[in-house]
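Here is what each chain is made of, one letter per residue.
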Amino acid sequence: MNFDPDEQFRCTIIRGKAKNMLDNLLPAYANIIDDLCPCDKGFFATNFNNRLVNILGQHTSKKTLDNHRTEIAGKLFGMYYEDGEVILPSNRTLKYLDDSDQPAFFKDICFKFQFPNGMDKVDKVIEKVAARISIRQYPYILQVLLSADKSNIRLTKDDIAFYVLNSLQVLQGKVTPDQVIEKIAEERNEGITRKVRHPGKQSSFSMQHIREQLNYLELANLIRIDSNLIQLNYRESKNINYIAGFWDKKPEFDVYNYDLTSEEGKKNFFYDWQVYYSDLNGHKSFTTTIDSLEVYTTTPTCDLDKKALGDEGENFVLEYEKERVRSFDPSLIRKIVHLGQTKGLGYDIQSVVAEPGESAEFVKYIEVKSTKRVTVPDLSDSTWIDTINLTRNEWIAAAQHRKSYYIYRVYFTPGQATMYVIRDPYTKNQDEKLKAKPVSYRIDFSNSSVDYMVVEEKEAYQ
DNA sequence: TTTACCCGTGTA
DNA sequence: TACACGGGTAAA
């Protein structure tokens, strides 16, 4: 088929927020959901809003809070789903709570996103179905970028907008990425520049949803947008190649299977979609290596991915402490102990104060909390917030050691690691300089607590 | 009437 | 230009 890019189709996604705000909000949403769920829908709505208003500011209207909850945390991020009247955290949220890997969270979203999907209102879904749209847009974009690099062509977001995300034929799955690149090369030779613009409309109408789709690829650590140019992060080649490999596969969730004109069909469609989308990609669990967050290179290099280490943060802090103590007094280095494998102490590293004065050799207990994200956290940003979870043991250690207890919060971001040190969180909580809230219950039970038991022979359930 | 994506519009 | 609040709007 001959590619005609003039066949355009405005194909929107829900408007999100700025890149760094999304990176900031993700941990907040995740922890709120983790605290509240499972619970019924009304309780969830009220309490989610009550928690979020503390972060966004008391002036924030109910409407805006509702939008955050339903549009971003719910539809775009797929962080929870509704089963009956009960709201449950999605597997994507649970994985994130476990690994604190924000780019991996967004990789999973990029893998599962598709057109048409169940994030739209039903009339918009019907429009897309009527237009015979069927595409996994992120695999497709990545394949286009790979193809562009092969042809030594640099793409701008206007190119992706006009030739890919707003091109009807591409959205219908009728054109290959190579054809797209060929067409772009051809039109550039003729001196033609394309932009998606709707007469009489502001550029946000035409471009905001496109720009934000590219933002998700950036948050996933797969591309960088440099003013207007888009570049692949080749340190992520493994993940890029994996996702791009799906460019010509039919969307996994088949919208065309549903009768969207009947009440029953609509209900099933939106329910099935949310269950599908909020679950993790069943084929591959994404991770982001520290290595892939380093300054990206424009030169394709072979397989730089290394096996992710569970204790990257601890190793980082260990090296930092060794250097810090060495510069004060090398003989004190032997007092630094890495206790990563020793569970139940409530801290990861035992170090020494190593500062002038009589407390120089006093012990310092360090709990390391690390996370990975694409934007650099900025304390001067008014929307900046963060949440970490301490275990019961860690909190007890904080209470016991007070001024000797430190939380080292490490953020691995592209090209740098940033660390915030919080000394004596226990006293800070009493002084309301931070808020600590117990959120989990340990249940000890005995024979008097058990109502009944069920035993089945293996054959019955195998 | 309420809900919840849709998206105008004003701000930085 | 890049959002982000909250009004717009149509379905629930």
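Residues numbered from 1 in each chain as written. Chains lettered and ligands numbered in written order. Predicted model: local features only at pLDDT ≥ 70, side-chain atom pairs only at ≥ 80, totals over all residues. Heavy atoms only, no water.

Novice: In this structure, what is going on with the sheet that holds strand S5 (residues 223–226)? I would like to understand it.
Specialist: Strands pair in a sheet through their backbones, by hydrogen bonds, and they do so in one of two ways: parallel or antiparallel. Across the sheet, which stays open at both edges, the 3 strands sit in the order S4-S6-S5 with antiparallel pairing between neighbours. Two strands in the sheet have a free side with no partner beyond their single neighbour: strand S4 (155–156) and S5. Here S5 pairs with strand S6 (residues 229–232) via 4 bridges, running antiparallel. In the strand pairing of S6, Ile223 is matched with Leu232. In the packing of helix H7 (residues 137–150) onto the sheet, contacts are made with S4, S5 and S6, and the angle to S6 comes to roughly 90°. (Pairing = 2+ DSSP bridges. Helix = DSSP H or I, 4+ residues; strand = E, 2+ residues; numbered from the N terminus. Contact = heavy atoms within 4.5 Å. Axes fitted to C-alpha atoms, helices over the stretch in contact; angles between N-to-C directions.)

Novice: What am I meant to see in the sheet that holds strand S1 (residues 39–40) here?
Specialist: Sheet architecture is open: 3 strands sit in the order S1-S3-S2, paired in antiparallel fashion. The open sheet has two edge strands with one neighbour each: S1 and strand S2 (80–83). Where S1 and strand S3 (residues 86–89) come together, 2 bridges link them in antiparallel fashion. Its bridge partner being in S3, Asp40 is matched across the sheet by Val86.

Novice: Any chance you could explain the protein's contact with DNA strand C here in plain terms?
Specialist: Around DNA strand C, a shell composed of 16 residues is seen, among which Lys17, Ala18, Ser61, Lys63 and Gln208 lie nearest. The contact atoms of DNA strand C, taken as those within 4 Å of the protein, divide so that sugar and phosphate hold 48%. Between DNA strand C and Asn67 there is a distance of 3.0 Å, counted from a base nitrogen to a side-chain nitrogen or oxygen. Among the elements of the structure, helix H1 (19–36), helix H3 (62–76) and helix H11 (203–219) are those that each provide at least two residues to the surface near DNA strand C. Here the surface near DNA strand C is built from residues that sort into 2 nonpolar, 7 polar and 7 charged. (Near = heavy atom within 4 Å. Polar contact = N/O pair within 3.5 Å; in protein donor to acceptor, adjacent residues only side chain to side chain. Nonpolar A, V, L, I, M, F, W, Y, C, P; charged D, E, K, R; others polar.)

The values are spatial; any link to function lies outside them.
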